[in-house]
Amino acid sequence: MIRFENVGLRYGMGAEVLRDLSFQIAPRSFQFLTGPSGAGKSTLLRLLFLSLRPTRGLISIFDRDVATLPKSDLPALRRRIGVVFQDFRLLDHLTTFENVALPLRVLGREEATYRADVIELLKWVGLGDRVQALPPILSGGEKQRAAIARALIGQPEILLADEPTGNVDPPLAKRLLRLFVELNRLGTSVVIATHDIGLMNQFDARRLVLHEGRLSVYE
Amino acid sequence: MSETSPLKALAAGPARRQGPRPTPPGPIVPAGSIAGRSLTIVVAIMSFLACLTLGAVTLVRDASLDWQSDIVREITIQVRPIDGVDTDAEAQKATNLAASTPGVASARPLSSWENAQLLEPWLGSGLDMSDLPIPRLIVVELANPDAVDLTQLSTRLTQEVKGASLDDHRSWTDRLKAMANATVIIGFSILALVFVATVLSVVFATRGAMSSNRDIVSVLHYVGAEAGFIAREFQRHFLILGLKGGLWGAAGATLMFLVLSFLFGRSIATPEGDQVSALFGRFAIGPTGYVGALGIAILIALMTAITSRLTVFRHLASIE
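Keep in mind that what you see is a predicted model, and the values were worked out from it rather than measured.

Caption draft 1: Geometry of the overall build of chain B. Assigned secondary structure in chain B consists of 10 helices and 4 strands. A buried classification covers 30% of the 320 residues belonging to chain B. For chain B, contacts bridging at least 24 residues in sequence account for 86% of all contacts bridging at least 6.

Caption draft 2: Examining the pairing of strand β4 (residues 164-167) of chain B more closely. All names here are of chain B. Residues Ala164 and Leu166 of β4 are buried on one face, while the alternating residues Ser165 and Asp167, pointing to the opposite face, are not. Relative to β4, strand β1 (residues 74-79) is paired through 4 bridges, and the arrangement is antiparallel. Looking across to β4, one finds that Gln78 is bridged to Ser165.

Caption draft 3: Looking closely at the sheet that holds strand β6 (residues 81-84) of chain A. Residues and elements named next belong to chain A. If you walk across this open sheet you meet the 6 strands as β6-β7-β8-β3-β9-β10, and the pairing is mixed. Looking along the sheet, the strands with just one partner apiece sit at the ends: β6 and β10 (214-218). Sheet twist, expressed as the average angle between the axes of neighbouring strands with direction ignored, equals 15 degrees. Alignment of strand β9 (residues 206-211) against β10, held across 5 bridges, turns out to be antiparallel. Its bridge partner lying in β10, Val209 is registered against Ser216. On the sheet, helix α6 (residues 170-185) packs against β3 (30-34), β7 (158-162) and β8 (189-193) and is oriented at approximately 155 degrees with respect to β8.

Caption draft 4: Representation of the environment of Arg185 of chain A. Tracing the backbone through its elements, the reader meets Arg185 of chain A in helix α6. Expressed as a C-alpha distance, the spacing of Arg185 of chain A and Ser29 of chain A, which sit 156 residues apart in the sequence, is 9.1 Å.

Caption draft 5: Spotlight on the nonpolar core. Of all hydrophobic cores here, the largest spans 108 residues; its most connected members are Ala149 and Leu160 of chain A. Take this core: its biggest share by element is 11 residues, from helix α2 (residues 34-72) of chain B. Once residues lying within four places of it in the same chain are set aside, the contact partners of Ala149 of chain A are Val100, Leu121, Leu122, Val125 and Leu127 of chain A. Of all hydrophobic cores here, the second largest spans 16 residues; its members include Ile77, Ala98, Val140 and Val161 of chain B.

Caption draft 6: Just the UniProt feature "transmembrane region" (unreviewed entry) in chain B, in detail. Residues and elements named next belong to chain B. Mapped onto the present numbering, the UniProt feature "transmembrane region" (unreviewed entry) falls on residues 39-60, 179-204, 246-264 and 284-306. End C-alpha to end C-alpha, residues 39-60 measures 31 Å, and it is 100% helix and 0% strand. Secondary structure across residues 246-264 divides into 100% helix and 0% strand, with the first and last C-alpha atoms of the span separated by 27 Å.

Caption draft 7: Examining the environment of Arg207 of chain A more closely. Mapping Arg207 of chain A onto the fold places it in strand β9. Setting aside its immediate chain neighbours within four residues, Arg207 of chain A contacts Gln31, Phe32, Thr34, Met200 and Tyr218 of chain A.

Caption draft 8: The arrangement of unusual backbone geometry in detail. Residue and element names in this part refer to chain A. Phi is positive for Asn6, close to 50 degrees, though the residue is something other than glycine. By the secondary structure assignment, Asn6 is in strand β1 (residues 2-10). Unusually for a residue other than glycine, Phe62 sits at a positive phi of about 50 degrees. Looking at the secondary structure, you find Phe62 in the loop between β4 (56-61) and β5 (64-65).

Caption draft 9: How the structure looks around the packing of helix α3 (residues 96-105) of chain A against helix α5 (residues 140-152) of chain A. Residue and element names in this part refer to chain A. Direction vectors running N to C along α3 and α5 enclose 30 degrees, while the axes themselves pass 7 Å from each other. One finds that α3 runs roughly parallel with respect to α5. The handedness of the crossing between α3 and α5 comes out as right-handed. In this structure, α3 uses Thr96, Asn99, Val100, Leu102 and Pro103 to contact α5, whose residues at the interface are Ala146, Ala149 and Arg150.

Caption draft 10: Quick look at the confidence of the model for chain B. All names here are of chain B. On average, residues of chain B carry a pLDDT of 79, and 86% of them reach 70 or more. Confidence over residues 11-22 falls short of pLDDT 50; this stretch has 15 contacts with residues more than four positions distant or in other chains. For this predicted complex, the interface confidence score (ipTM) comes to 0.86, while the overall pTM stands at 0.70.

Caption draft 11: Quick peek at the pairing of β1 of chain A. Residues and elements named next belong to chain A. Sheet topology note: the β1/strand β2 (residues 16-25) ladder contains 6 bridges and is antiparallel. Within β2, the residue paired with Val7 across the bridge is Leu21. Where β1 hands over to β2, the hairpin turn is made up of 5 residues, of which Gly12 adopts a positive phi near 60 degrees. Note: β1 against β4, 5 bridges, orientation antiparallel. Residue pairing for β4: Arg3 is matched across the bridge by Ser60.

Caption draft 12: Quick peek at the environment of Leu69 of chain A. Residues and elements named next belong to chain A. Among the secondary structure elements, Leu69 is positioned in the loop between β5 and α2 (74-78). Note on Leu69: 16 C-beta atoms within 10 Å, which makes it partly exposed. In this structure, Leu69 is in contact with Arg64 and Leu74, ignoring residues within four places of it in sequence.

Caption draft 13: Structural detail: the packing of helix α7 (residues 214-222) of chain B against helix α10 (residues 286-319) of chain B. Residues and elements named next belong to chain B. Interaxial distance between α7 and α10 falls to 10 Å at its minimum, and their mutual angle equals 60 degrees. Between α7 and α10, the angle falls in the class oblique. Once α7 is placed against α10, the crossing between them reads as right-handed. Only Val312, His315, Leu316 and Ile319 of α10 make contact with α7, whose side of the interface consists of Arg214, Val217, Ser218 and His221. Residues that form the contact of α7 with α10 fall into these classes: 4 nonpolar, 3 polar and 1 charged.

What counts, and where the lines are drawn
Residues numbered from 1 in each chain as written. Chains lettered and ligands numbered in written order. Predicted model: local features only at pLDDT ≥ 70, side-chain atom pairs only at ≥ 80, totals over all residues. Helix = DSSP H or I, 4+ residues; strand = E, 2+ residues; numbered from the N terminus. Buried ≥ 20, exposed ≤ 12 C-beta atoms within 10 Å, placed from the backbone. Contact = placed C-beta atoms within 7 Å. Pairing = 2+ DSSP bridges. Axes fitted to C-alpha atoms, helices over the stretch in contact; angles between N-to-C directions. Core = buried A, V, L, I, M, F, W, Y, C linked by C-beta atoms within 7 Å. UniProt positions renumbered as here; feature names shortened; annotations may be inferred. Parallel < 35°, antiparallel > 145°, perpendicular 65-115°, else oblique. Left-handed = near helix turned anticlockwise from the far one by under 90°. pLDDT = per-residue confidence, 0-100. Nonpolar A, V, L, I, M, F, W, Y, C, P; charged D, E, K, R; others polar.

Listed below in structure tokens is the structure:
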């Protein structure tokens, strides 16, 4: 599904922040991406959702070589990848419902065709009673769940989550992890970037550990 | 998690069920932001100034055309008194000659009273003009200045009327034309400068307003929106902002001209009013001015929309 071969990345003329990364993300797989702060987790996630291109090496996403990918093909490819940002990136002037429905709306779909799905998904992530709430009045955990719902509504083949439990208390973190596991059980590949050892210990999964720009994989 | 998970339902395709009555979705680009309001105000002010300048230039150009056509439409024949020649008879002959020339509307000798009026500032009142060798003046009104062959008329007058000469005001007209043209050129130069200032301030204000929307562009981009979709959303939003501001400015300028036109129309009988109307006509900017004002408003709105579109593409290029 996703393949990295000897991938390196540097910003401008600086030193390489990621070096010789080689790994694969298989369909229906579940992995944690971890490492100390500044190790390059967010940069690697940006490579994974096509926001950055490597300075060397090969990245193949859904069997397409990223280096030769025309810009016009990026949106369609990006829609197959769900992303949960660390800072949520919800639009404050849109309701929870509208935020979650955004990936479908940008496809030009009519609200009537997706309304029930969005409501049901919001109920599933525990936001059934916050459908019309605006993000500024949501708690950190609620925002996190809204961001997850937005990443899921387009039925992505892979979900990338950047520190999804960074802003929530342990019980909610556990609940969110169960949500990701359930999602994976239903067929979506999941990559969770986290430095929360406690979270990783709750679920036995593959670990991609970044340290000083290099990656070690623990199956 | 139960088997009725919504993810399974999603995988089954679009829902057949309908939820509660949907409320219309909010605009992707927020309608009323502080940056948006500031942009509308900047656009309105610049549009007002541009329309005002356009109106003023139109006014000066129309007035200068009026002055020129008024002066070109009138020529004067002068019959100098010569000893042993009946000046009045020669003047009558010149009048008849001028009146019979094609393109001439009327020819009329000034009466001795009118002559006295013309000379009064220099000679004072109460003089007996008959004792003085005053030339007779004939005012000739032209129906169509282009149809009159002034050279031929001048030659015929010299040959057939003793002491006659034709003054077609050409030297005056040429000077006035030069002055009026210079005024119009200066006006258009100012208009061009105001346009450039308008374009720059609208572009910068739009970019400023767009910077507060960068997060929205990024989010739309990351949820898989096509660049064209994002650009269209912003373009539409900024076109409406620009149109609103542009039309407010144009309406303000139009209203100002209407009020001025009304006020000067009322004071036309006063010496000050006459002076202004002598310079600027009825102070009306005419259809060109009004259509121009509307054109400026639309142009500014388009500029706002295009700038927002370009800013979206530039921002997308920077985050890819």
